[in-house]
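Here's the letter readout for the chains.
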Amino acid sequence: NKYVVEQDTLMLAAPELAQYFDMLEIEGRRSFTYDTCYFDDPSCSSYLHHHQSRKKRVKVRMRKYLEAGLCFVEVKLKDKRGMTVKKRLRCGLDEYGTLDQRAERFVQDVYSSLYGRTFKHTISRNLEMRYQRMTLVAKVGGERMTLDNGMHFVLDDKEQLVDRSLFIIEAKSAKG
């Protein structure tokens with residue numbers, strides 16, 4: 001479940017949220033920068049299949065966690081029960097934004113192991129984005145909430161900045 005809320009609304013909800021959630025803090029930081037590069041074919045099949053709620057679909061992205069100095073190729077698919085399956089392959093920071101042979105083989109292997117067929121799409125770098133993320137972790141039950149803001153999108157030669165007072169909030173739990 002994803003929601004867009006304004007900063008004022010989030011601040012009003014903060015005392016209530018604090019009763020049930022702790023904020024992730026690592027080395028004194030509570031907000032972390034994510035760079036994400038999505039890969040798709042020229043027809044944007046990955047994007048369209050997601051919005052059409054196709055049962056067999058794949059999302060390929062590369063994510064760089066700036067403060068942690070980590071980079072991964074991530075492949076997200078849907079299994080037979082409709083549950084999201086995410087597999088990651090660690091990459092060097094200098095590899096961000098490109099799928100080398102090892103990464104392409106990883107995408108192929110993940111896809112074929114779940115769907116039993118070859119991944120036939122020719123994908124390339126598409127949409128890129130950068131944002132700040134804070135994570136709330138439930139004191140009981142294991143649920144999490146991510147709060148993203150400061151979103152900056154780049155597609156070809158076009159850029160879009162989202163008002164920093166807007167947050168995308170996503171609730172995450174093991175049982176969906």
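Residues numbered from 1 in each chain as written. Predicted model: local features only at pLDDT ≥ 70, side-chain atom pairs only at ≥ 80, totals over all residues. Heavy atoms only, no water.

*Asks:* Where do I start with the nonpolar core in this structure?
*Replies:* Looking at soluble globular proteins, one finds that nonpolar side chains tend to be buried together. Core analysis: the largest hydrophobic core is formed by 21 residues, its most contacted members being Met 62, Val 73 and Leu 99. Considering every element that reaches this core, the biggest residue donor is helix α3 (residues 101-115), with 6 residues. Leave out the neighbours within four places in its chain, and Leu 99 touches Phe 39, Val 60, Met 62, Val 73, Glu 104 and Ile 123. (Core = buried A, V, L, I, M, F, W, Y, C linked by side-chain atoms within 4.5 Å. Buried < 20%, exposed > 50% of the residue type's maximum accessible area, 1.4 Å probe, protein only. Helix = DSSP H or I, 4+ residues; strand = E, 2+ residues; numbered from the N terminus. Contact = heavy atoms within 4.5 Å.)

*Asks:* Mind showing me how you'd approach the packing of aromatic side chains here?
*Replies:* What characterises a pair of aromatic rings is the spacing of the ring centres plus the angle enclosed by the ring planes. On inspection of all chains with the given rule, the structure shows 5 aromatic pairs. Ring geometry for Tyr 65 against Phe 72: centres 6.0 Å apart, planes inclined by 75°, an arrangement best described as edge-to-face. Pair check on accessibility: Tyr 65 and Phe 72 agree, each one buried. Between Tyr 111 and Tyr 115, the aromatic rings sit 5.0 Å apart at their centres with planes inclined by 80°, giving edge-to-face as the arrangement. With Tyr 111 and Tyr 115 both in helix α3, this residue pair falls 4 residues apart, about one helical turn. The two residues Tyr 111 and Tyr 115 agree in class, both being buried. Grouped by ring-pair contacts, the aromatic residues Tyr 34, Tyr 65, Phe 72 and Tyr 131 constitute a single cluster. Over the ring of Tyr 96 we find Lys 64; its NZ or CZ atom is 4.7 Å from the centre of that ring. The ring of Tyr 34 carries the charged tip of Arg 133 above its face, separated from the ring centre by 5.0 Å. (Phe/Tyr/Trp six-rings, centres within 6.5 Å; stacked < 30°, edge-to-face > 60°. Lys NZ or Arg CZ within 6 Å of the ring centre and 35° of its normal.)

*Asks:* So what exactly am I meant to see when it comes to helix α1 (residues 7-20) here?
*Replies:* Helical geometry note: an α-helix holds 3.6 residues per turn, so side chains three or four residues apart project in the same direction. Over its 14 residues, α1 runs 19 Å from end to end, which matches the ideal 20 Å to within 8%, given 1.5 Å per residue. Where α1 bends most, at Ala 14, the angle is about 50°, and the proline Pro 15 comes one to four residues later. (Expected span 1.5 Å × (residues − 1). Bend = angle between axes of the 7 residues up to and from the residue.)

*Asks:* Would you take a moment to explain unusual backbone geometry for this structure?
*Replies:* The phi torsion of most residues other than glycine is negative, and most of the peptide bonds are trans. Despite not being glycine, Cys 44 shows a phi value in the positive range, around 55°. Structurally, the position occupied by Cys 44 is in the loop between β3 (32-40) and α2 (45-51). Positive phi, normally seen in glycine, also occurs at Asp 156, with a value near 55°. Here Asp 156 is to be found in the loop between β8 (144-155) and β9 (158-161). Residue class for Asp 156 comes out exposed when judged on its relative accessible area of 66%.

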